[in-house]
Amino acid sequence: MDSERYTIRGGTGVDVAMPIAGPGSRSYAFIIDWHIRLIVALAWLLGALLVVNGRIAWTTRPMVLIPPLVIYFLYHPIVELFMRGQTPGKRAAGVRIVDRDGGIPGSGAIVVRNIFRLVDSLPGLYVVGLLTTFISAQRVRIGDMAAGTLLVLDEPSPAKALEEIAAGAAQDDLVVSDLAAQILERWPQLAADRRSSIARELLTKRAAPDQAGRIALLADADLRTELAAVARGGSRARAR
Amino acid sequence: MTSKAGIAAWIGTRAAAWAELAEGIGTRRRRGASSIGAATQFVDSYRNLARDLAGVRRFAPGTRVAAALETLYAQLHAEIHRSPRGGWRAVLDMLRDDLPAAMRELAGGILAMVCLMAGSAVAGYWLITEYPPLVSLVASEQMIEHVESGSLWTEGIINVTPSSLLSVQILSNNIVVSFFAVCAGLLFGLGTFYLIALNGFMLGALFAFVGQHGLGRALFTFIVAHGPVELSVICIAGAIGAAVGDSLIRPRHASRRESFQGCLARMTPLLGACVVLLIGSGFIEGFISPNPTYPLGARITIGVCYWILMGIALGGGLAPRRPLAGGSSSDSP
């Protein structure tokens, strides 16, 4: 489900595509946030109990009991407002809230989506909300429908990839560079003989004919180094 | 030069600018605010990036460059299309324009909710007057025992629970009831209808029951300070719920979902004001209502004054209109 995309017309006429977060990502984020607010609320409670030596007097009762309740029940709206549509749980799960225009939602939308938690959490354990994310087109819960928001995957910044591309842009074959980068990304998951075979094939095709013998003798680590050079755009220099 | 070589050369001329832009977005996300100059630069970059992305989608689809630019474009789009942070000016605009507009839109609904609550209260009063044993439908065993022994269940409550804690309990309960009245509008307004009717019915029934034991005046004394605003806000929340139901029954936009979202977006400031008012009435109910040292006159004064303040706030009176340069007090078009 995480591969579904929310596409909207950008202000320039060029579409913007955002990967929609599915129920799995949502649940993961929620569970992390639930633990955070529980731990912080309990920490306050225990700290306050230690301060008052375990005796909740009539006068100290509000200071002991009210803050943990506030932390537990207002965690989501407050943190989402301050973190511009994210929470620590959402950040860890790599998701964020956007509005229907693909922008960061305003405070009104955040408040509305949190008010409707009352409905989404019925009859318990967020059953209504979870079921709605399974059956709705954009994997949204009722609170999101009400606020006009949805959860998208917050992809990591492409800065590093773009720097690599900038460094390797002189090469004349983008596809080979991409292939090399993709193989390197999957390098640890691939079996050693399989990845060596793929890497040799790619390097041999890129290299000068007299280099084929040298490439055939390269060890696994050397193949990886050569492949990284191709991904960075050093293949031509090496091949020559 | 081959076409692929041409594309690579073009990417070479642009890649550094893309990388710099990606860094800029990262910095913007970490720091939050940005200057007008930086924002303008982002908008220019957005146009350039859209043009570059369109080219990459056409000439180098499925490549790492395309994937990186898609992500960069989506992130820049989100930054540019973020909702503005209004600060105090937005609060003043809300007090001056949004609240009165929402109240005007809801005027008929609020009147209907007041009538529904009053009618249900009369029904509850009549039922318990005619059939006293049915009071167990609306009151707990403990409450009934209290009243039958000649005292209200609220008496001495501040000796058991501190006023501040009592206030928080009360105001959070009232806020949840108001939110439920709004959310229940999802059931085409019927949920809200039943919730308001039930609240009115319980109020009338309790008044009838305590009246039978000579405690009607005591209950009135208890609720008169906080009750006017609390009940008014419940009626307003009910009207918002009814508007939500109406937006689903008779959508004003292309789809029911858009109509529903539009209705809630218009009503959110009013709902926020209701929460603030309920916090105030919660504190009155926690600190003043159960405190026997406050005489009835003082309670009535507090209740009436707070209700008038509510009327002024919801009517836009807390934020005066901005005068035009020519001295007119009306809003500019």
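Everything numeric in this text was worked out from a predicted model, so none of it was measured. (Residues numbered from 1 in each chain as written. Chains lettered and ligands numbered in written order. Predicted model: local features only at pLDDT ≥ 70, side-chain atom pairs only at ≥ 80, totals over all residues.)

Asker: Can you explain the overall build of chain A? Please cite residues and give values.
Answerer: A tally of regular secondary structure across chain A gives 13 helices and four strands. Reported as C-alpha extents along the three principal axes, the dimensions of chain A are approximately 90 × 50 × 30 Å. For chain A, with 240 residues in total, the buried portion stands at 38%. (Helix = DSSP H or I, 4+ residues; strand = E, 2+ residues; numbered from the N terminus. Buried ≥ 20, exposed ≤ 12 C-beta atoms within 10 Å, placed from the backbone.)

Asker: Describe the overall build of chain B, listing the residues and the values that go with them.
Answerer: Of regular secondary structure, chain B possesses 12 helices and zero strands. Helices (α) and strands (β) of chain B occur, in sequence order from the N terminus, as α-α-α-α-α-α-α-α-α-α-α-α. In terms of overall size, chain B is more extended than a compact globule, its C-alpha atoms giving a radius of gyration of 29 Å where 333 residues would be expected to give roughly 20 Å. Taken over the C-alpha atoms alone, chain B extends approximately 100 × 50 × 40 Å along its principal axes. Burial statistics for chain B: of 333 residues in total, 39% are counted as buried. Taking the contacts inside chain B whose residues are at least 6 apart along the sequence as the reference set, 78% of them involve residues at least 24 apart. (Rg over C-alpha atoms; globule rule 2.2 N^0.38 Å. Contact = placed C-beta atoms within 7 Å.)

Asker: Outline the interface of chain B and chain A, supporting the account with residue identities and numerical values.
Answerer: At the junction of the two partners, chain B supplies 50 residues and chain A supplies 47 residues. Only helix H1 (3–31), helix H2 (36–59), helix H3 (64–80), helix H7 (163–183) and helix H11 (256–287) of chain B provide two or more residues apiece to the side of chain B that touches chain A. If one sorts the elements of the side of chain B that touches chain A by residue count, H1(B) sits on top with 13 residues. Among the residues making up the side of chain B that touches chain A, the classes are represented as 31 nonpolar, 12 polar and seven charged. (Nonpolar A, V, L, I, M, F, W, Y, C, P; charged D, E, K, R; others polar.)

Asker: Quick one: what's the story with the pairing of strand E1 (residues 5–9) of chain A, residue by residue and with numbers?
Answerer: The two faces of the sheet receive side chains in turn, since in a regular strand these alternate between them. Relative to strand E2 (residues 15–19) of chain A, E1(A) runs antiparallel, the two sharing five bridges. Looking at E2(A), one finds that Arg9(A) is bridged to Asp15(A). (Pairing = 2+ DSSP bridges.)

Asker: Help me get a handle on helix H10 (residues 227–249) of chain B, residues and values and all.
Answerer: Given a rise of 1.5 Å per residue, 23 residues ought to cover 33 Å, and the 32 Å separating the end C-alpha atoms of H10(B) matches this to within 8%. Most of H10(B) sits out of view: 20 of its 23 residues are buried. (Expected span 1.5 Å × (residues − 1).)

Asker: Tell me what's going on with unusual backbone geometry, and back it up with residues and numbers.
Answerer: Residue and element names in this part refer to chain A. A cis amide bond links Leu 122 to the next residue, Pro 123, at an omega of -15°. Despite not being glycine, Arg 139 shows a phi value in the positive range, around 55°. For Arg 139, the position within the fold is in the loop between helix H6 (127–135) and helix H7 (142–147). Under the C-beta neighbour-count criterion, Arg 139 is labelled buried, with 24 such atoms within 10 Å.

Asker: I'd like a rundown of the nonpolar core, residues and numbers included.
Answerer: In terms of nonpolar packing, the biggest core is built from 117 residues, with Val152(A), Leu162(A) and Ile240(B) touching the most fellow members. Examining the composition of this core, we find that 12 residues originate from one element, H10(B), more than from any other. Among residues more than four places away in sequence, those in contact with Leu162(A) are Ala15(B), Trp18(B), Ala19(B), Ala22(B) and Ala68(B). Counting residues in hydrophobic clusters, the runner-up holds 10 residues, among them Ala180(A), Ile183(A), Leu203(A) and Leu223(A). (Core = buried A, V, L, I, M, F, W, Y, C linked by C-beta atoms within 7 Å.)

Asker: Explain the domain arrangement of chain A residue by residue, including any values.
Answerer: When cut into domains, chain A gives domain 1 (5–153) and domain 2 (159–239). Distance between the C-alpha centres of domain 1 of chain A and domain 2 of chain A: 43 Å. (Domains from an automatic or database assignment.)

Asker: Which residues make up the packing of H10(B) against helix H12 (residues 296–314) of chain B, and what are the values?
Answerer: Residue and element names in this part refer to chain B. Look at H10 against H12: their axes get within 8 Å of each other, and the N-to-C directions meet at 35°. For the pair formed by H10 and H12, the contact residues are Gly 227, Pro 228, Val 229 and Ser 232 on the first element and Gly 303, Tyr 306, Trp 307 and Met 310 on the second. Considering only residue class, the contact of H10 with H12 consists of five nonpolar, three polar and no charged. (Axes fitted to C-alpha atoms, helices over the stretch in contact; angles between N-to-C directions.)

Asker: Give me the lowdown on the pairing of strand E3 (residues 95–99) of chain A, citing residues and values where you can.
Answerer: All names here are of chain A. Where burial is concerned, most of E3 is hidden: five out of the five residues are buried. In E3, alternate side chains face the same way, and those of Val 95, Ile 97 and Asp 99 on one face and Arg 96 and Val 98 on the other are all buried. Two elements, E3 and strand E4 (residues 149–153), share five bridges in a ladder whose sense is antiparallel. Each bridged residue has a counterpart across the sheet, and for Arg 96 the counterpart in E4 is Val 152.

Asker: Go over the environment of Val182(B) with me, naming the residues and quoting the values.
Answerer: Relative to the assigned elements, Val182(B) resides in helix H7. When the 32 C-beta atoms within 10 Å are taken as the criterion, Val182(B) is described as buried. For the pair Val182(B) and Leu195(B), spaced 13 residues apart in sequence, the C-alpha separation works out to 10.0 Å. Dropping the residues within four chain positions of it, Val182(B) is found in contact with Ile115(A), Ala237(B), Ile240(B), Gly241(B), Val244(B) and Leu271(B).

Asker: Could you give me a rundown of the confidence of the model for chain A, with the residues and numbers involved?
Answerer: Residues at a pLDDT of 70 or more form 92% of chain A, whose mean pLDDT is 86. Counting contacts from residues 234–240 of chain A, a segment whose pLDDT is below 50, to residues more than four positions away or on other chains yields 13 contacts. (pLDDT = per-residue confidence, 0-100.)

Asker: How would you sum up the packing of H7(B) against H10(B)? Please name residues and give values.
Answerer: Residue and element names in this part refer to chain B. At a minimum axis separation of 7 Å, H7 and H10 run at an interaxial angle of 25°. Classed by the angle they form, the pair H7 and H10 counts as roughly parallel. Contacts between H7 and H10 involve Asn 174, Val 177, Ser 178, Ala 181 and Val 182 from the former and Glu 230, Val 233, Ile 234, Ala 237, Gly 238, Ile 240, Gly 241 and Val 244 from the latter. Here the contact of H7 with H10 is composed, by residue class, of eight nonpolar, four polar and one charged. (Parallel < 35°, antiparallel > 145°, perpendicular 65-115°, else oblique.)

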